[in-house]
Amino acid sequence: MPLPEQHPATRHQLPLDLTRNEWSSGLPLANGCLGVVVWTTETDLILSLDRADVWDSRLVPEYQAENYSLTRLIELVKTNQMHLVEKEFEAPYQRPAPTKLPVGRVRLAGFNSALIAGKLALDTATAKLETQAASLSVAALATTRCVAVWGCREAGVEHLSLEPPPYGEKPGPTEQSILSFIAAGRPQDLDYPKPQHFQDQGVRGFVQKTHNSAFAVGTITRVEGDKHIAYIHVALGSNPAHAQAALVDVLLAMTRCTLSEHLNRHIDWLPQQWSISWLSLPDDSVREKWWAADTYYMIAAAQPGAPPVALQGPWTTDAGYLPPWKGDYHHDLNTQMTYQPLYTAGRLDASRVMMDWLWETADHCRDWTRRFFNQPGLCVPMTADIHNRQLGGWAPYTHSLTSAAWLAHNVWLDWRFGRDRALLEQKIAPWICEVATFLDAIMTLDAETGYRKPPVSTSPEWNDNRRDAYFWDWTNYDLALTRFAFLAAADVCQALQKEDEAAHWLRCLSQCPDLLIAEDHSLLITKDVVWDQPHRHFCNGLAIMPLQLLDPLKTSDKALIEATLERYREHGTGLWMGYTFSWLACMYARTGDAAKALEALEIFDQGFRYPNGFHTNGDVSDQGYMNLPFDCFTLEGNSIAATAVQDLLVQSRPGRVDLLMAWPDSWKAAHVRGFCADGGIKIVRMDVVDEQVQLELKAQEPLTVELTIQGHRVDTVNLLAHDLVQLTYPLPRAQPQ
């Protein structure tokens, strides 16, 4: 099924930057589990491989100790024994393992000596490279979990060589760099033997024993007419023999079909994904291009049957180190925001990969909650391995009370947008209510104020990991998340007609104080602590975005939001990261300020994207957008940028759909297909043309929804289940009063 001409995936491509011989300039391909970045050195073509579920997931001994508890942590902080906090709670993160593992490279020697062009076609997810004499194509086949490389005889596909990471080698000196600072070592720092190379039934490969399992990487080549083909796979096994056998089985199976058959299935699958939803911005090709690229990364990375998307997805940095930040799951922004654009984009099959993982790993989280907090219910460690087990790091945040509450927001959005009642009953409501049960249990009722109070509160990453990072009353970060968790628990219980349980959660909500507000009407960090530094994490602003506890169409809430955003701008961007700018764009989009939202996105595009579009935390443009050289890729910045573009056009909350909330003056037209809104509403079509907004809406169940355009309330629409409703409204240009 061909995509329409105006579809952004057919209009935009990602170029290979031939001036930068670095991994960060490469073309990213993935099929959920297996990722590859295609890049060049001065002479060679490199395929950096990654498999999302290859982990050394050994347990951290300190976190199994008898005295490992919140009580112990609080005692050490209150008695100023910060050296023991570092030793017992933070130092384990600096050890090489547990960690996600690099799996190696494939090299085609000499190919770059004549390379003249390279590009990635978004509509086919295929990288194509051209020399004077040959062409070469690479695809991470979506339906087989293999990588295919093919070209003419002159491309030299049969000369591909496999390069394992240097496991088992003697550790050398570590250079001082940002990567050495945020990675916990090099592959040779792990206690592994050297890889074993093999040839087996036409498969060339190597197998690597790890701490608790093994993986194998291999290739098999074929010739079909004038095409020379190599298939590449990474297999897991409980031991080296099992990994090798699994690898050989997969690659031999690949040769039983022709390349054309594999590509047809791959190319048939992609239009289905791109057709779920898309947007077209005739007046802003830059916004359209980067939205398409940011959406492509999630189509490639977030697929059913694959692990959830971690910090770098299936594209771990290939620079001789172990993965930055262990390649872990950071649950204080990164995991949650990586999935944020999928709900409005209607990509719920992809978002449910994370929800299913949270459900499958819940026993590990329950165990940690009982051992560390000594409480019922469920909390989630902020830095987690692939089994959602504690990895450690800065203790104020890795041992936060509310990481699960933010994840509960994503789970709740799966219900609000998907309206799958079986899923609600079986997974969504039980998981959210377990999170609320933990928060209910760990908070005490203050007899003096009548409000609940946490035993300790923190705010990422305010005051880093110092003693003054711990607060003994609410931070707005923990307060907003706790209020949300009780609100969400009440909502899912009401949907299941469990009125007594819903009433309990609403009572818990009523026992939480209101958000903490400064004299200038901005959101505080905590009592008597204002936002007074260029901090990278909008920890006090979660009530604005993503939680939407504040409503910009309410005068009092809008004043609070604007005062908070003014504080962010007033204190500068020197310590911001790339994702901070895309997050700021989201906040301005939520408040209806299109100009400032676009300004933040432009800074993000200019300063915080590698040539391939990947988000880098630090400013790679040298334009002074921030002060730290922090050149490292993480995926959430891209997803937040995609969310911001979507929010310019479509936002929603229970009972209301806000269209064109932040409509730029320079835009005359826009086209949206397949977006979703709260309540299970599908925006089948929205066309902004000739000063009109033309809509087609369809709901999964009967409901009444308020409709706004540019902040103006224009209609109250009654939708029947599965009926298509067509609506047309004039485009209001004046700002709402």
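Preceding block: the structure.
Residues numbered from 1 in each chain as written. Predicted model: local features only at pLDDT ≥ 70, side-chain atom pairs only at ≥ 80, totals over all residues. Heavy atoms only, no water.

(A) Inspection of the sheet that holds strand β28 (residues 712-719) at higher detail. Read from one edge to the other, the open sheet built from four strands follows the order β22-β23-β27-β28, with strand pairing classed as mixed. Two strands lie at the open edges of the sheet, namely β22 (650-653) and β28, each paired on one side alone. Within this sheet the neighbouring strands show an average axis-to-axis angle of 20°, counted without direction. Two strands pair when backbone bridges link them, and β22 and strand β23 (residues 656-659) are joined in this way by four bridges, in the antiparallel orientation. Residue pairing in the sheet places Arg-653 in a bridge with Arg-656 of β23. (Pairing = 2+ DSSP bridges. Helix = DSSP H or I, 4+ residues; strand = E, 2+ residues; numbered from the N terminus. Axes fitted to C-alpha atoms, helices over the stretch in contact; angles between N-to-C directions.)

(B) Region of the structure containing the packing of aromatic side chains. Considering all chains together, one arrives at 36 aromatic pairs under this definition. Considering the side-chain rings of Tyr-296 and Tyr-297, the 6.0 Å spacing of their centres and the 65° angle between planes classify their relative orientation as edge-to-face. On the basis of relative accessibility, which here comes to 0%, the residue Tyr-297 falls in the buried class. A cation over a ring is seen here: Lys-78 above Trp-472, with NZ or CZ 4.8 Å from the ring centre. Taking NZ or CZ as reference, Lys-289 lies 4.5 Å from the ring centre of Trp-290, over its face. (Phe/Tyr/Trp six-rings, centres within 6.5 Å; stacked < 30°, edge-to-face > 60°. Buried < 20%, exposed > 50% of the residue type's maximum accessible area, 1.4 Å probe, protein only. Lys NZ or Arg CZ within 6 Å of the ring centre and 35° of its normal.)

(C) Structural context of the pairing of strand β14 (residues 203-209). With five of its seven residues buried, β14 lies for the most part within the structure. Relative to β14, strand β13 (residues 196-200) is paired through five bridges, and the arrangement is antiparallel. Across the sheet, the residue bridging to Phe-198 is Gly-205, located in β14. If you look at the hairpin formed by β13 and β14, you'll find two residues sitting between the two strands, and Gln-201 has a positive phi there, around 55°. Connecting β14 to the next strand, strand β15 (residues 214-224), in antiparallel fashion are four residues.

(D) Quick look at helix α3 (residues 82-90). For α3, the set of buried residues is Met-82, Leu-84, Val-85, Glu-88, Phe-89 and Glu-90. Buried residues of α3 fall within an arc of 170° about the axis and therefore sit on the same side. Summarising the geometry of α3, the exposed residues directed more than 90 degrees from the buried face are His-83 and Lys-87. Turning to α3, the residues buried within the fold contact α2 (70-78), α11 (362-373) and α12 (395-398). (Arc of directions from axis to C-beta. Contact = heavy atoms within 4.5 Å.)

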